[in-house]
Each structure stands twice: as C-alpha cells, then as structure tokens.
Amino acid sequence: LGLGLVSGLGLNTAQGQTSEPAPGTGLPLWEIGLAGAALSQPAYPGAADRAQRLLGAPYLVYRGETLRVDRGSAGLRAIRTPNFELDVGFSGSLGSRAEDVAARRGMADLGTLVEFGPRLKWNLGPADGPTRWRLELPARGVFDLSNGLAQRGIAIEPEWLLEHRTAGGLRTSAGLGVVWGNQRLADTFYRVDAGEATADRSAYAARPGLMAWRLSASVSQQLAPGLRLFGYGRLDSLTGAANRDSPLVQRASGLTVGLALAYTWKQSTERASD
C-alpha cells in the first residue's frame with residue numbers, strides 16, 4: 001500500500017527478478033522461494049513514531065497472460081498493449097497499535113490495511129531497452145484486514161517511474177508521485193472525535209484531498225544464481241496536504257527504508273510470454 005509503505009520493497013521480487021533470463025528468452029513463468037526483510041517506516045504519514053518489522057516468508061511469482069503475481073502486486077491483467085496495461089490487483093501495508101504511537105494513545109488502532117482495485121500503466125518509451133519510463137495510475141479501495149475487511153476509504157496514487165537494468169544484474173528505479181485520499185481515508189488517519197480530544201490533542205474534522213507527495217528509489221543486485229538483494233527508500237512530504245494541520249500530524253516529512261534478501265528455490269523451464 002502506498003500509505004502503508006511495504007509494497008515498494010517487493011518481497012515477491014517486485015523491483016527485480018531473482019533470476020536473469022538468458023539472452024533472447026523471457027523470464028520463468030513461475031518462481032517459488034524464500035524472502036526475508038527488515039522494514040522501518042512512520043506509523044502513518046505525518047507520524048513522529050515509527051513502526052519496525054523483521055519479516056520472513058515464502059514467496060511466489062507467476063507471470064501468466066492474465067493472472068499475475070509479480071512487480072509488487074497480485075491480480076488480474078485485463079488489457080495489455082505495447083503502450084498501455086490495465087490490471088486489477090492487491091497490495092498491503094503494516095498496521096500500528098495506538099498504544100505504540102504517542103499522538104494516537106486512547107484512539108483506535110491502525111490495522112493491517114490492504115488495497116484492491118484497478119491500475120493503469122502507460123509505458124512512455126521502448127519496452128525492450130535497459131531503461132524504461134512509465135506512468136502508473138492506481139485507484140484502489142482500502143480495507144482493514146484486522147477488522148473483518150472494514151472499508152477504510154479510497155486511495156488514488158499516480159506515480160511517474162524510471163527503471164534501469166544492467167547486464168550485470170543490477171536494477172534501479174526512481175519514482176515521483178502523490179497520494180490522494182477520500183473523506184473516509186482522511187478520517188482513518190487524521191480525524192479526532194470530541195471524545196478522543198485531550199489537553200494535547202484537540203478535536204479535528206479531517207478533509208479529503210492531497211495526503212502526501214512521494215519520492216522513492218530502489219536498487220536490487222543479483223548476488224548469485226537465484227539470490228538477490230533489495231534495498232528501498234522513500235521520502236513522504238506533507239507540504240500542502242489537506243490535513244497538515246491535524247493534531248495527529250507531528251512531522252512534515254517521513255522516511256521509509258527497507259532491506260530484503262530473496263532466494264529462488266525452484267523455477268519453471270517454461271518461459272513467460274512477457
């Protein structure tokens with residue numbers, strides 16, 4: 001999730017595959033393996049407190065014509081042309097307990113959030129070169145996995161991306177984007193009801209609109225056959241955000257960092273078509 005900050009690291013080999021294809025061939029149709037990651041992020045955009053996790057899990061990559069589990073999400077690809085691609089997918093984020101976040105003590109926890117919805121990708125240059133430019137336009141519903149998939153709002157997160165890869169297995173990317181949230185999503189992060197107000201936290205009516213500007217970068221390097229190291233960083237800025245004056249916003253910017261190691265255990269001999 002853009003707001004929750006874990007999807008950019010790509011624990012399912014999202015930012016760079018764990019194995020390089022031989023010249024003239026595609027990537028494997030499927031891969032399975034193990035991944036471990038260390039993550040540090042603000043508890044929510046504008047929070048002074050941070051959430052930190054050590055994660056480990058098996059992963060699956062599947063690059064079918066329609067069903068895709070790759071590049072940071074899982075879902076269905078509805079349309080693909082040389083310039084445009086439309087898919088319907090999922091992504092997720094870490095939650096945080098209110099008792100661990102000083103500004104939210106006495107309020108509801110921020111649960112584990114998942115997103116589901118369409119994403120339009122517009123390729124702005126040749127798809128077969130080492131450098132790729134792309135504009136992504138996702139619009140997704142946000143749901144609370146910790147509370148029976150309660151609906152938490154809608155997030156629209158346009159992002160401009162530049163990706164580059166080398167013959168030596170190094171992959172880098174940089175992105176510039178914004179996050180817009182509707183009223184319900186703004187309430188989830190920034191509303192303070194009268195009953196939640198304290199001497200240090202006044203009541204606040206949240207507003208829909210801009211939630212954050214975002215600058216991101218990632219790098220991955222193949223260390224050995226089937227073994228890839230990932231690094232990810234992202235800076236969120238609340239300059240001009242609709243809820244910059246919420247008492248829950250304590251920092252004008254926040255940095256997210258992550259490091260992951262992925263090992264491909266098995267992969268198909270059959271190659272994906274793209």
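The coordinates are above.
Let me sum up the structure you'll find in this document. Quantities reported herein were computed from a predicted structural model and do not represent experimental measurements. (Residues numbered from 1 in each chain as written. Predicted model: local features only at pLDDT ≥ 70, side-chain atom pairs only at ≥ 80, totals over all residues. Heavy atoms only, no water.)

Re the environment of A197
Step number 1: Looking at the secondary structure, you find A197 in the loop between helix 1 (183-190) and strand 11 (209-224).
Step number 2: C-alpha separation for the pair A197 and G106, spaced 91 residues apart in sequence, amounts to 9.3 Å.
Step number 3: Once residues lying within four places of it in the same chain are set aside, the contact partners of A197 are V192, S202 and A203. (Helix = DSSP H or I, 4+ residues; strand = E, 2+ residues; numbered from the N terminus. Contact = heavy atoms within 4.5 Å.)

Digging into the side chain of S96
Step number 1: With respect to the secondary-structure elements, S96 resides in the loop between strand 5 (84-92) and strand 6 (113-123).
Step number 2: Setting aside residues up to four positions removed in sequence, S96 forms contacts with A43, V101, D109 and L110.

Digging into the pattern of salt bridges
Step number 1: Applying the stated criterion across every chain, the model contains 14 salt bridges.
Step number 2: Here R152 ties to D144 by a salt bridge, and the two come within 3.1 Å at their closest N and O atoms.
Step number 3: D144 sits in the buried class, given a relative accessible area of 4%.
Step number 4: Shared partners join several salt bridges into a network, and the residues in it are D87, R119, R134, E136 and E163. (Salt bridge = Lys/Arg side-chain N within 4 Å of Asp/Glu carboxyl O. Buried < 20%, exposed > 50% of the residue type's maximum accessible area, 1.4 Å probe, protein only.)

Remarks on helix 1
Step number 1: Every buried residue of helix 1 is accounted for by L185, A186, T188, F189 and Y190. Down the axis of helix 1, the buried set is contained in an arc of 160°. They therefore lie on one face.
Step number 2: As for helix 1, its buried residues are in contact with strand 6, strand 7 (131-144), strand 8 (150-156), strand 10 (170-181) and strand 11. (Arc of directions from axis to C-beta.)

As for the pairing of strand 7
Step number 1: As judged from the nine bridges shared by strand 6 and strand 7, these two strands associate in the antiparallel manner. From the neighbouring strand, V114 faces strand 7, where its bridge partner is F143.
Step number 2: Bridging between strand 7 and strand 9 (residues 159-165) involves six bridges; their strand directions are antiparallel. Its bridge partner being in strand 9, L135 is matched across the sheet by W160. (Pairing = 2+ DSSP bridges.)

Any link to function would need more than the numbers given here.
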